[in-house]
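Here's the letter readout for the chains.
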Amino acid sequence: MGHPRKSRKQYDTPPHPWNAERIKNENKLVSKYGLKSKKEVWKAETMVRRYRRDARHLLGVATEHTPTERKQLLAHLIRLGILAENSKLEDVLNLTVEDVLKRRLQTVVHQKGLSRTAKEARIFVVHGHIAMDGKKVTSPSYMVKRGEEDIIDFYFSSPVAKQFKTQKTAAAKESSD
């Protein structure tokens, strides 16, 4: 059990804390995606592990509820944008940590070109400069769904948005001259 006011941790720590190869891989992911700590990598690994476990279970068991559970798992992963539209349950077994990390708000903001680096994207999100459909989102770990990518933009009263727009107009004027 635990204290009702304190939530349980959402990740599993590595079984061997001093494995050099794992540490190198985690450091690469932390720097590539601008993460705060390795705990965020562990959370993504745990998500992938749970999805893969569920898929293995559904592939091995045949009950009356299995077809609906298969559809639900696939629909969930497709809605999140982790899997492609025409994916099958076997594709869940090929998921990687990077598939999950690519769907974080912080990464999508950087990929859309709203920031120069992944770390800067994290700062913009945490400081409230990023909005989804006009509503401020301050969680860099927010999992962006497939249809939400187009509605990510700067918050309307953000000073960063004003600075960004002036830089874009100045760059457009220079390129047209």
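## What about helix α1 (residues 20-33)?
Given a rise of 1.5 Å per residue, 14 residues ought to cover 20 Å, and the 20 Å separating the end C-alpha atoms of α1 matches this to within 8%. Burial in α1 covers these residues: Arg22, Glu26, Leu29, Val30 and Tyr33. End-on view of α1: buried residues confined to an arc of 100°, all on one side of the axis. Residues of α1 that are exposed and angled more than 90 degrees away from the buried face: Lys24, Lys28 and Ser31.

## Quick look at the side chain of Glu40
Topologically, Glu40 is positioned in helix α2 (residues 38-60). Reaching out from Glu40, the side chain makes a polar contact with the side chain of Arg122 at a distance of 3.0 Å. With residues near it in sequence (within four places) discarded, Glu40 still touches Leu35, Leu101, Arg104 and Arg122.

## A short note on the layout of surface pockets
What the largest pocket holds in volume is close to 330 Å³. As for the largest pocket, its lining consists of 16 residues, and the residues nearest its centre are Gln10, Glu40, Lys43, Arg104 and Ser141. Secondary-structure elements contributing two or more residues to the lining of the largest pocket are α2 and α4 (97-101). Sorting elements by how many residues they give to the lining of the largest pocket places α2 first, with six residues. For the lining of the largest pocket, the class distribution of residues is six nonpolar, three polar and seven charged. Forming the walls of the second largest pocket are Glu45, Val48, Arg49, Arg52, Arg56, Leu95, Thr96 and Val97.

## Here's the deal with the pattern of salt bridges
Under the definition given, this model contains 10 salt bridges. Taking the shortest distance from any N to any O, the salt bridge between Glu120 and Arg116 comes out at 3.1 Å. What emerges from the salt-bridge pattern is a single network uniting Arg22, Glu26 and Lys38.

## With respect to the packing of aromatic side chains
What the rule picks out here adds up to four aromatic pairs. Arranged with centres 5.1 Å apart and planes meeting at 55°, the rings of Phe154 and Phe164 form a pair that is tilted. Residue Phe154 is found in strand β3 (residues 152-154), and its partner Phe164 is found in helix α7 (residues 159-176); the two are separated by 10 residues along the sequence. Centroid distance Tyr155 to Phe156: 4.7 Å. Interplanar angle 45°. Geometry classified as tilted. Given a relative accessible area of 18%, Tyr155 falls into the buried group. By way of ring pairs, the aromatic residues Phe124, Phe154 and Phe164 are connected into one cluster. Positioned above the aromatic ring of Tyr11 is the side chain of Lys9, whose terminal nitrogen or guanidinium carbon lies 5.3 Å from the ring centre. One cation-aromatic arrangement involves Lys136 over Tyr155; the distance from NZ or CZ to the ring centre is 4.6 Å.

Conventions we followed
Residues numbered from 1 in each chain as written. Predicted model: local features only at pLDDT ≥ 70, side-chain atom pairs only at ≥ 80, totals over all residues. Heavy atoms only, no water. Helix = DSSP H or I, 4+ residues; strand = E, 2+ residues; numbered from the N terminus. Expected span 1.5 Å × (residues − 1). Buried < 20%, exposed > 50% of the residue type's maximum accessible area, 1.4 Å probe, protein only. Arc of directions from axis to C-beta. Polar contact = N/O pair within 3.5 Å; in protein donor to acceptor, adjacent residues only side chain to side chain. Contact = heavy atoms within 4.5 Å. 1 Å grid on protein atoms, 1.4 Å probe; cavity = no way out; pocket = protein on both sides within 12 Å on 5 of 7 lines; lining within 4 Å. Points joined across faces, edges and corners; volume = space filled by probe spheres on them. Nonpolar A, V, L, I, M, F, W, Y, C, P; charged D, E, K, R; others polar. Salt bridge = Lys/Arg side-chain N within 4 Å of Asp/Glu carboxyl O. Phe/Tyr/Trp six-rings, centres within 6.5 Å; stacked < 30°, edge-to-face > 60°. Lys NZ or Arg CZ within 6 Å of the ring centre and 35° of its normal.

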